[in-house]
Amino acid sequence: MQLSNEEEDYNLSLSKFESMLKTNKVLFFDSEEFEEIILHYLDIGKANLAKKALKLALDQHPKSTGLKLVQVEMLVYDDKLEIAEKLLNELYAIEPNNEEIYIQKANICSKRDQHEKAVELLKIALQFTDDYADVYNLIGMEYLFMDNLELAKESFIKCLEEDLEDQSALYNVVYCFEFLDQNQEAIVYLNEYINKNPYSEIAWHQLGRLHYGVKEYENAIRAFDYATLIDDEFLGAFMEKAKAYERLKKYSEAIESYNRTIELDDATSYALLRIGKCYEKLGNSAKALQYYNQTVHEDPLLDKGWIAITDFHVRQKNFQKALFFVNKALAIDNQNRLYWKRYATINKQMNFFEEAEFGYRKAVEFGDYALDTWLFWVDILQFLGEFESAIQTLLQASEYFPEENEVEYRLAGLYFMVQENTKAKFHLSNGLRLNFDNYILIEDLFPVVWSKKMVKNYIEKHRKE
C-alpha cells in the first residue's frame, strides 16, 4: 500500500526524532512536526516520550501557541489543572479567538464536574472553529456526563450532520436513543443516515441490533446481511445474525453464521455452545453433544457449558451423567439458584431425597421463590417425615403466596399429621375457599389424613355451603 506524502513526512519526522534521542544530537523540527510527534506518543500511551518531545519543542519554539496548547493538554492529563488554567489565561490574552483555548478550558471544567460551564465554553468554541463535528461531539459527551440524554442525542446528530464518518458519534447517538427507550425513532434515524451513507457497516449493524431488540428478526437479518456484505470479516454482525436466525428457528442458517465467526477468529465458547443448542433443536444429538464437549474444553470455567450438557442428559433421561455435570457447574457457581434447582430435580429423579431436599433448600436460599420450588421442597420434607420443617417452610412460602390453595391444603395436611387440628381446619377452610375441587391434594399427598372421617365430613360440610 502506497503511503501519502503526509504519511511519509509524518513517519520520517518520528524516525528522525527517535534517532535524535538515541544519538543525543539536537535536530530542528518545525512546531507542527513537534505537535504531531507529541500527540503520537500520547495516543500510544508513552507519556514520558511525549514530555521529552514537548520540552525540546518549547526550547525550539517558545512562542508557539499550538505547542503551548499541547502543553495544556498534557497538564490536564496529569491533573495539574491550576497550572493548565493559568497558561490558558495567558494564551487567551494573546489569541481570544482560538477555539482550542475554549475546548481546553471546557476540558478543565469537565474534569472538575462543572459540565454546564463546559458546555457554555464549547458553544463559544463553535463560533471560532472550522471543525464543528469535533466540538458537537464534545458537547454531546458533556450532556452524557449530566445524564441529559435528549440534548446529548441532539449534539451527536449535529456532529454526524457535519461528519457522516464519525463512528463514535454514531454509536453514541444510538446509545442515547436506546437509553431513552426510543427504539423505533432510532430505526427511523438510522434509515435516514443510511440513505446518506449506504456503505456504513456500523450503521447497518446498529440497525440490525435495534430491529432485533424490537423482535423484528427478519429485518434484523437483512440489516446484518448488508453489514457483512460491506465488511465480510465483521464478526459481531455474523454473531448477531446467528442469534436472529435462532429466534426464527432457522437453526441451519444460525449454525452457518456461528461457524463464520469461528472462521474469522478463534472459536469462542459462546459460539460453540449456541451451535450445540442449534444441533439439538435439529434433533442431531450426537453433534449437539460434540459441540457441548468442545465448549467446556474451550472454557472449562464456563458454567453454562456444563449446564448445557446437564440439560442434554436430563432430556435423554440419563440422570447419573446429568448429576455429574450439574456438580461441575455448581463447582464454578455455587450460588446459582437455577443450578441448585436442577441438582435437586435430578436427585429427586434418582430417589436421592435427602440430596434433593438440600438442593431445593439452597435454591430458595439463593433467591428461587417460584411456587413449584417451594412445593417440591415441602413434598420431599414430608416424604422424609420432617413435618415440622415442612410446616415452617410452607409458612415462609405463604408470605410470597398468601392466597395459594396448594400451600393451604399442604398446611392443612401437615397440621393434621402433627395433631394440631384447629390449625389444620383453618388452613383446610382456606384451601376449600380458594379452590374447592383441589381438595384431592389431601387424598393424594396425605392418605392417612384422608382416611379420617372427620376430614371427609369437614369437606362435605363446605361442599353444601
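All values reported here derive from a predicted model rather than from experimental measurement.

Parameters and conventions
Residues numbered from 1 in each chain as written. Predicted model: local features only at pLDDT ≥ 70, side-chain atom pairs only at ≥ 80, totals over all residues. Heavy atoms only, no water. Helix = DSSP H or I, 4+ residues; strand = E, 2+ residues; numbered from the N terminus. Rg over C-alpha atoms; globule rule 2.2 N^0.38 Å. Contact = heavy atoms within 4.5 Å. Axes fitted to C-alpha atoms, helices over the stretch in contact; angles between N-to-C directions. Parallel < 35°, antiparallel > 145°, perpendicular 65-115°, else oblique. Left-handed = near helix turned anticlockwise from the far one by under 90°. Nonpolar A, V, L, I, M, F, W, Y, C, P; charged D, E, K, R; others polar. UniProt positions renumbered as here; feature names shortened; annotations may be inferred. Buried < 20%, exposed > 50% of the residue type's maximum accessible area, 1.4 Å probe, protein only. Phe/Tyr/Trp six-rings, centres within 6.5 Å; stacked < 30°, edge-to-face > 60°. Lys NZ or Arg CZ within 6 Å of the ring centre and 35° of its normal. 1 Å grid on protein atoms, 1.4 Å probe; cavity = no way out; pocket = protein on both sides within 12 Å on 5 of 7 lines; lining within 4 Å. Points joined across faces, edges and corners; volume = space filled by probe spheres on them. Salt bridge = Lys/Arg side-chain N within 4 Å of Asp/Glu carboxyl O.

(A) The arrangement of the overall build of the protein in detail. In terms of helices and strands, the protein carries 28 helices and zero strands. Against the compact-globule benchmark of 23 Å for 465 residues, the protein has a radius of gyration of 34 Å, which places it well outside the compact range. Taking the principal axes of its C-alpha atoms as reference, the protein extends roughly 105 × 50 × 50 Å. Across the protein, the fraction of contacts at a sequence separation of at least 24, relative to all contacts at a separation of at least 6, is 48%.

(B) Main features of the packing of helix α16 (residues 269–281) against helix α17 (residues 285–298). Here α16 crosses α17 at 165°, and the two axes come no closer than 7 Å. Between α16 and α17, the crossing angle belongs to the class labelled roughly antiparallel. Like other packed secondary-structure pairs, α16 and α17 cross with a definite hand, here left-handed. When α16 is examined against α17, the residues Ser269, Leu272, Leu273, Ile275, Gly276, Lys277, Tyr279 and Glu280 are found in contact with a partner set consisting of Lys287, Ala288, Tyr291, Tyr292, Gln294, Thr295 and Glu298. Looking at side-chain class alone, the contact of α16 with α17 contains seven nonpolar, four polar and four charged residues.

(C) Local environment of the UniProt feature "repeat: TPR" (unreviewed entry) in the protein. Residues annotated in UniProt with the feature "repeat: TPR" (unreviewed entry) correspond here to residues 133–166, 201–234, 235–268 and 269–302. The distance separating the terminal C-alpha atoms of residues 201–234 is 8 Å; by composition the span is 79% helix and 0% strand. Here residues 269–302 runs as 79% helix and 0% strand, with 8 Å between its end C-alpha atoms.

(D) The environment of Tyr369, seen in detail. Looking at the element boundaries, Tyr369 is found in the loop between α21 (353–365) and α22 (371–383). Residue class for Tyr369 comes out partly exposed when judged on its relative accessible area of 36%. Distance from Tyr369 to Glu154, taken between C-alpha atoms, is 44 Å for residues 215 residues apart in sequence. If sequence neighbours within four positions are ignored, Tyr369 has contacts with Val364, Trp374, Tyr400 and Phe401.

(E) A look at unusual backbone geometry. With a phi angle near 60°, Asp181 is a residue other than glycine that sits in the positive phi range. Examined against the element boundaries, Asp181 turns out to sit in the loop between α10 (167–179) and α11 (183–196). On the basis of relative accessible area, Asp181 is assigned to the exposed category, the value being 65%.

(F) Highlighting the packing of aromatic side chains. Under the counting rule described, the total for this entry stands at 20 aromatic pairs. Relative to Phe128, the ring of Tyr102 lies with its centre 5.7 Å away and its plane at 15°, an arrangement referred to as stacked. Here the residue Tyr102 occupies a position in helix α6 (residues 99–111), and Phe128 occupies one in helix α7 (residues 115–128), the gap between them amounting to 26 residues. Given a relative accessible area of 8%, Tyr102 falls into the buried group. In this structure Phe128 comes out as partly exposed when scored by relative accessible area, which is 27%. Taking the centre distance of 6.1 Å and the plane angle of 25° together, the rings of Trp374 and Trp377 count as stacked. On the criterion of helical spacing, the pair formed by Trp374 and Trp377 is a turn pair, its members being three residues apart in helix α22. Judged by relative accessible area, Trp374 falls into the buried class, the value being 0%. Judged by its relative accessible area of 7%, Trp377 falls in the buried class. Each residue in the set Tyr369, Trp374, Trp377 and Tyr400 is aromatic and connected to the rest through ring pairs, giving one cluster. In this structure, Lys243 packs its charged tip against the face of Tyr212, placed 5.8 Å from the ring centre.

(G) Up close: the layout of surface pockets. Roughly 230 Å³ of internal volume is contained in the largest pocket. Lining the largest pocket, in full, are Glu100, Ile103, Gln104, Ala106, Asn107, Ser110, Leu122, Asp134, Leu138, Met141, Glu142 and Phe145. Counting only elements with at least two residues in the lining of the largest pocket, the list comes to α6 and α8 (132–145). Considering each element in turn, the lining of the largest pocket owes the most residues, six residues, to α6. Here the residues of the lining of the largest pocket sort into six nonpolar, three polar and three charged.

(H) Layout of the pattern of salt bridges. Under the criterion given, the structure shown has 19 salt bridges. Glu403 is the partner of Arg433 in a salt bridge, and the nearest nitrogen-oxygen pair spans 3.3 Å. On the criterion of sequence distance, the pair formed by Arg433 in helix α25 (residues 421–434) and Glu403 in the loop between α23 (387–400) and α24 (405–417) is long-range, its members being 30 residues apart. Judged by relative accessible area, Glu403 falls into the exposed class, the value being 51%. One salt-bridge network, in which partners are shared between bridges, spans Glu82, Glu85 and Arg112.

(I) Fine view of the environment of Leu88. Tracing the backbone shows Leu88 in helix α5 (residues 81–94). You can call Leu88 buried: its relative accessible area is 0%. Sequence separation between Leu88 and Phe34 is 54 residues; the distance between their C-alpha atoms is 20 Å. Apart from the residues lying within four places of it in its own chain, the contact partners of Leu88 are Leu69, Val72, Ile101, Gln104, Lys105 and Ile108.

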